[in-house]
Amino acid sequence: MERQSFRVNTGIQIEVNDAGEYIVAYVTDQNFVEKFYKLVEKTDEIAAYMSSAEIDKLDTREKLRVSIEKSKEVMQGIDTVFGERASEKIFGVGVVPTGYALCELFEQLIPVFE
């Protein structure tokens, strides 16, 4: 009996840096898509918080500390959704991206899921 093999393409590879590294968006997995949109919502909530009157009351160094903390939370979410080291591949080793950079990433990724 002849054995046959086939694979269903379930993901889209997205190149994220000049070294040719990529992340994979598993757009055919509804759970993956749900996790992605939850991460986008969390990022929106953080952006709103960072623009709040509560943050405006803080001095510059404290605002920076909070911004770094919140960016790291989003980076952990990116790694959870797209796999280990995804944030490192996207932003660079040891880099904590600004809120602007994180929003730009999601603006580029959202059309992949629509």
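See the structure shown above.
Source: prediction; values computed, not measured.

(A) Quick look at the pairing of strand β1 (residues 12-15). As paired elements, β1 and strand β2 (residues 22-25) share four bridges and run antiparallel to each other. In the sheet register, Glu-15 faces β2, and the bridge partner there is Tyr-22. Between β1 and β2, which follow one another and run antiparallel, lie six residues, and Gly-20 among them has a positive phi close to 85 degrees.

(B) Up close: the environment of Gly-92. When you line up the elements, Gly-92 lands in the loop between α4 (86-91) and α5 (99-113). Note on Gly-92: relative accessible area 23%, which makes it partly exposed. In this structure the C-alpha to C-alpha distance between Gly-92 and Gly-11, which are 81 residues apart in sequence, comes to 23 Å.

(C) The arrangement of the layout of surface pockets in detail. As a volume, the largest pocket reaches approximately 180 Å³. Taken together, Ile-14, Glu-15, Val-16, Ile-90, Phe-91, Ala-101, Glu-104, Leu-105, Gln-108, Leu-109 and Val-112 form the lining of the largest pocket. Elements that contribute at least two residues to the lining of the largest pocket include exactly β1, α4 and α5. Top contributing element to the lining of the largest pocket by residue count: α5, with six residues. Looking at the lining of the largest pocket, its residues break down into eight nonpolar, one polar and two charged.

(D) Representation of helix α3 (residues 60-82) in the model. For α3, which comprises 23 residues, the first-to-last C-alpha distance of 32 Å matches the rise-based estimate of 33 Å (1.5 Å per residue) to within 8%. On the buried face of α3, the contacting elements are β2, α1 (30-50), α2 (53-56), α4 and α5. Gly-83, located one to two residues past α3, shows a positive phi value of around 110 degrees.

(E) The packing of α3 against α5, seen in detail. Contact geometry for α3 and α5: axes closest at 11 Å, N-to-C directions at 25 degrees. Between α3 and α5, the interaxial angle falls into the category roughly parallel. α3 and α5 meet at a crossing whose hand is left-handed. In this structure, α3 contributes Ser-71, Val-74, Ile-78 and Phe-82 to the contact, and α5 contributes Gly-99, Leu-102, Leu-105, Phe-106, Leu-109 and Phe-113. Taken together, the residues of the contact of α3 with α5 break down into eight nonpolar, two polar and no charged.

(F) How the structure looks around the side chain of Ser-87. Note on placement: Ser-87 falls in helix α4. On the basis of relative accessible area, Ser-87 is assigned to the buried category, the value being 2%. Contact partners of Ser-87, with chain neighbours within four places excluded, come to Met-75, Ile-78, Asp-79 and Gly-92.

(G) Focus on the packing of aromatic side chains. By the definition in use, this model includes five aromatic pairs. Ring geometry for Phe-36 against Tyr-37: centres 5.4 Å apart, planes inclined by 75 degrees, an arrangement best described as edge-to-face. Here Tyr-37 falls in the partly exposed class, since its relative accessible area comes to 27%. Relative to Phe-106, the ring of Phe-36 has its centre 6.0 Å away and its plane inclined at 55 degrees; by these criteria the two rings are tilted. Here Phe-106 lies in helix α5 and Phe-36 lies in helix α1, a separation of 70 residues in the sequence.

Criteria and cut-off values
- Every residue gets a number counted from 1 within its own chain, in the order that chain's sequence is written.
- For a predicted model such as this one, the threshold for reporting local features is a pLDDT of at least 70, and the threshold for listing and counting side-chain atom pairs is 80 or more; totals across whole chains, interfaces and linings nevertheless cover every residue.
- Computation of side-chain values covers all heavy atoms of the structure but excludes hydrogens and water.
- What makes two strands pair is DSSP finding at least two bridges between them.
- Helix numbering and strand numbering both begin at the N terminus, where a helix is a DSSP run of H or I of at least 4 residues and a strand a DSSP run of E of at least 2.
- Only protein chains enter the calculation, and the probe is 1.4 Å; a residue is then buried if its accessible area is under 20% of its type maximum, exposed if over 50%, and partly exposed in between.
- Only protein atoms enter the calculation, which uses a 1 Å grid: trapped sets of points that fit a 1.4 Å probe without letting it out are cavities, open sets showing protein on both sides within 12 Å along at least five of seven lines are pockets, and any residue with an atom within 4 Å of a point is a lining residue.
- Grid points are joined across faces, edges and corners, and a volume is the space filled by probe spheres set on the points.
- Gly is put with the polar residues, along with every residue not named as nonpolar or charged; the nonpolar set is Ala, Val, Leu, Ile, Met, Phe, Trp, Tyr, Cys and Pro, and the charged set is Asp, Glu, Lys and Arg.
- The length a helix should cover is 1.5 Å for every residue beyond the first.
- Throughout, a contact is declared for two residues whenever any of their heavy atoms are within 4.5 Å.
- Simply put, an axis is a line fit to the C-alpha atoms, just over the touching stretch for a helix, and the angle between two N-to-C directions goes from 0 to 180 degrees.
- We call two directions roughly parallel when the angle between them is under 35 degrees, roughly antiparallel when it is over 145, roughly perpendicular when it lies between 65 and 115, and oblique otherwise.
- Note: crossing handedness is left-handed where the near helix turns anticlockwise from the far helix by less than a right angle, and right-handed where it turns clockwise.
- Centres within 6.5 Å make a pair out of two Phe, Tyr or Trp rings, where for Trp the six-membered ring is used; the pair is then stacked when the planes are under 30 degrees apart, edge-to-face when over 60, and tilted otherwise.

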